[in-house]
Amino acid sequence: MTEKARGIHELYGDDRARADRLLWGRVTHPGSRRGFLRGSGLAAMSAAVGAAIPFAQWMPGGLIPAALAQRSDQFSIPGKDGLRVLNDRPLNAETPAHLLDDAVTPAERLFVRNNGTPPLTENIDPLYWGVEVAGESCIRPQVFTLRELQEGFDHHSLQLQLECGGNGRVEFHPPARGNQWSTGAVGCPVWTGVRLKDVLERCGVADDAVYVAYEAADRHVSGDASKQPISRGVPVRKAMEEESLIAWGMNGEPLPPLHGFPVRLVIGGWSGSVSGKWLTRILIRDRVHDGAKMGGQSYRVPCEPVAPGTEVAGEDMCIIGSMPVKSLITHPKSGDCRTYGQIAEVRGHAWAGDLEVARMVTSIDFGATWQRADLKKPVNRLAWQRWSAAVDFPQPGYYEIWARAVDARGVSQPVVLPNWNPRGYLNNACHRIAVSVA
Ligand SMILES: Nc1nc2c(c(=O)[nH]1)N[C@H]1C(S)=C(S)[C@@H](COP(=O)(O)O)O[C@H]1N2
Ligand SMILES: [Mo]
């Protein structure tokens, strides 16, 4: 497993101004010693150093706070707890499985998947942020400010699971290029917003509408303003589901800047890539959307299974829809020791894209036998489901705990890898952890 973890010195070593902007939203002008640290950036740095910074106005730009610079452990992104940084240009970070144990994923433990450079949001007045609804099949195109969305439509709060289409990519062989996610590009916070459906209906969806897509305020990593980093969408029927939200809140707080402040889409159960952050436009299209990362090899898999390593032409690739059935063991932590004679509580979450998880089983004998686990209903449709099991180890030694979910149609997670595909999407193999019993 290759893991590209980056320390804070390495990050600042590359480009101080960029590191400042990335971590704190601090704008440092070349040739000037001053860095302007305000608002959410100042709050982020204060949180990272553990106290308010009375003399922040005198702090030079490009300076790594000593509290972080003198710590030998790997630094974490401000506002995040223990995430593994896979890439910092753009920023991508995943959550170790044992840190995803909460029923509702807290902001500091939600993975970050950026395709481009996020907009600077600290000077934004969220209420005046505009979201335009347009497109060939939009009958009454119009712009809503966030305030108009909040005042003009019913509010809904739902727990919705978000998983990157590339989660689990690291296990594919031959390797697929892209962020080498292991198991941590998934989370399930509570989102608050209005139904996408209600807004689309206000604007009028023509009979020939096929797709609903987003455009956003982030910029392409190349800096080329004519390019968008990502602009994806879903078929109209998915956009019109009651759980598809235009959200401004996460766990009762405004969206964090990294997660799309001030407003984003949340389309539960599908590849996270359709849940556009920093939302600026919604397009009702009369065709399958053709924005950035809709075509070629992006978020697409071979329509028919292929042998590992096969090159597949664009026209033989199909767009990913619902994510497959999957589960995670969030307790105990892999590698932990247990005392012989004590029953271990094992628990985690399970989800199945558009479907519900019907059954959950675990094994401690490498899949020779499976035991039924207790599985809860989702709190609402498209939320992950809590499961737990009591495991009794027959003698001291090394064990693996394997977990396997089965969806409402009887489809279960594969124990080994699912179909290889060129970009390494949809790996829903069973999660397994190591436990030693002494
Ligand atoms: N505007 C915009 N929206 C975006 C992205 C992005 O790079 N830009 N990344 C997408 C991808 S690929 C995923 S998996 C999710 C990740 O959401 P998160 O970073 O809030 O966890 O956001 C999606 N929405
Ligand atoms: Mo993603």
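Look up: the structure comes first, before these words.
Conventions adopted
Residues numbered from 1 in each chain as written. Chains lettered and ligands numbered in written order. Predicted model: local features only at pLDDT ≥ 70, side-chain atom pairs only at ≥ 80, totals over all residues. Heavy atoms only, no water. Buried < 20%, exposed > 50% of the residue type's maximum accessible area, 1.4 Å probe, protein only. Helix = DSSP H or I, 4+ residues; strand = E, 2+ residues; numbered from the N terminus. Arc of directions from axis to C-beta. Pairing = 2+ DSSP bridges. Near = heavy atom within 4 Å. Polar contact = N/O pair within 3.5 Å; in protein donor to acceptor, adjacent residues only side chain to side chain. Areas by Shrake-Rupley, 256 points an atom, 1.4 Å probe, with all protein chains shown as cover. 1 Å grid on protein atoms, 1.4 Å probe; cavity = no way out; pocket = protein on both sides within 12 Å on 5 of 7 lines; lining within 4 Å. Sits in = over half its atoms within 2 Å of the grid points. Nonpolar A, V, L, I, M, F, W, Y, C, P; charged D, E, K, R; others polar. Core = buried A, V, L, I, M, F, W, Y, C linked by side-chain atoms within 4.5 Å. Patch = residues over 30% accessible without salt bridge, like charges linked within 9 Å, V, L, I, M, F, W, Y side chains within 5 Å. Salt bridge = Lys/Arg side-chain N within 4 Å of Asp/Glu carboxyl O.

Q: Help me understand helix H6 (residues 196-203), please; the structure alone is not making it clear to me.
A: Structural remark: α-helix, 3.6 residues per turn; residues separated by three or four positions point the same way. Those residues of H6 not exposed but buried are Leu196, Val199, Leu200 and Cys203. Looking straight down H6, one finds its buried side chains confined to an arc of 100°; they lie on one side. Of the residues flanking the end of H6, it is Gly204, one or two places downstream, whose phi is positive at about 85°.

Q: Sorry, what's going on with the sheet that holds strand E28 (residues 431-437) here?
A: By way of backbone hydrogen bonds, the strands of a sheet pair with one another, either parallel or antiparallel. Taken in spatial order, the 5 strands of this open sheet run E21-E28-E27-E23-E24, and their pairing is mixed. In this open sheet, the two edge strands, each paired with only one partner strand, are strand E21 (337-338) and strand E24 (371-372).

Q: Please explain the site of ligand 1 as it appears in this structure.
A: For ligand 1, the set of nearby residues contains 20 residues, the closest of which are Phe111, Asn115, Asp218, His259 and Lys277. In this structure, a nitrogen atom belonging to ligand 1 sits 2.6 Å away from a side-chain N or O atom of Asp218. Within the side chain of Arg264, a nitrogen or oxygen atom sits 2.8 Å from an oxygen atom of ligand 1. In the complex, 100% of the free accessible area of ligand 1, which totals 530 Å², lies under the protein chains. When each cavity is represented as a set of grid points, ligand 1 is found to reside in the largest cavity. Those elements giving two or more residues to the shell around ligand 1 turn out to be strand E5 (112-113) and strand E12 (211-216). Residues belonging to the shell around ligand 1 are distributed by class as follows: 9 nonpolar, 7 polar and 4 charged.

Q: Is there a simple way to explain the nonpolar core in this structure?
A: As a rule of thumb, nonpolar side chains are buried together in soluble globular proteins. If you look at the biggest cluster of nonpolar residues, it comprises 36 residues, and the most contacted ones within it are Val133, Leu149, Leu196, Val199, Ile246, Leu279 and Ile282. The leading source of residues in this core is H6, at 4 residues. One finds Ala350, Val357, Met360 and Ala403 within the second-largest nonpolar core, a separate group that totals 21 residues.

Q: Explanation requested: a nonpolar patch on the surface in the structure shown.
A: The grouping of Val210, Val288 and Ile319 at the surface amounts to a nonpolar patch, some 200 Å² of accessible area in total. Structurally, Val210 can be placed in the loop between H6 and E12. Val210 sits in the partly exposed class, given a relative accessible area of 34%.

Q: How should unusual backbone geometry be read in this particular structure?
A: Residue Pro174 is reached from His173 by a cis peptide bond, and omega for that bond is -5°. Residue position: Pro174 is located in the loop between strand E9 (162-163) and strand E10 (186-187). Here the residue pair Phe261 and Pro262 is connected by a cis peptide bond, since its omega of 5° sits within 30 degrees of zero. Of note, Pro262 is situated in the loop between strand E15 (253-254) and strand E16 (264-266). For Leu382, which is not glycine, the phi torsion reads 75° and is therefore positive. Here Leu382 shows up in the loop between strand E25 (374-375) and strand E26 (385-391). Residue class for Leu382 comes out buried when judged on its relative accessible area of 6%.

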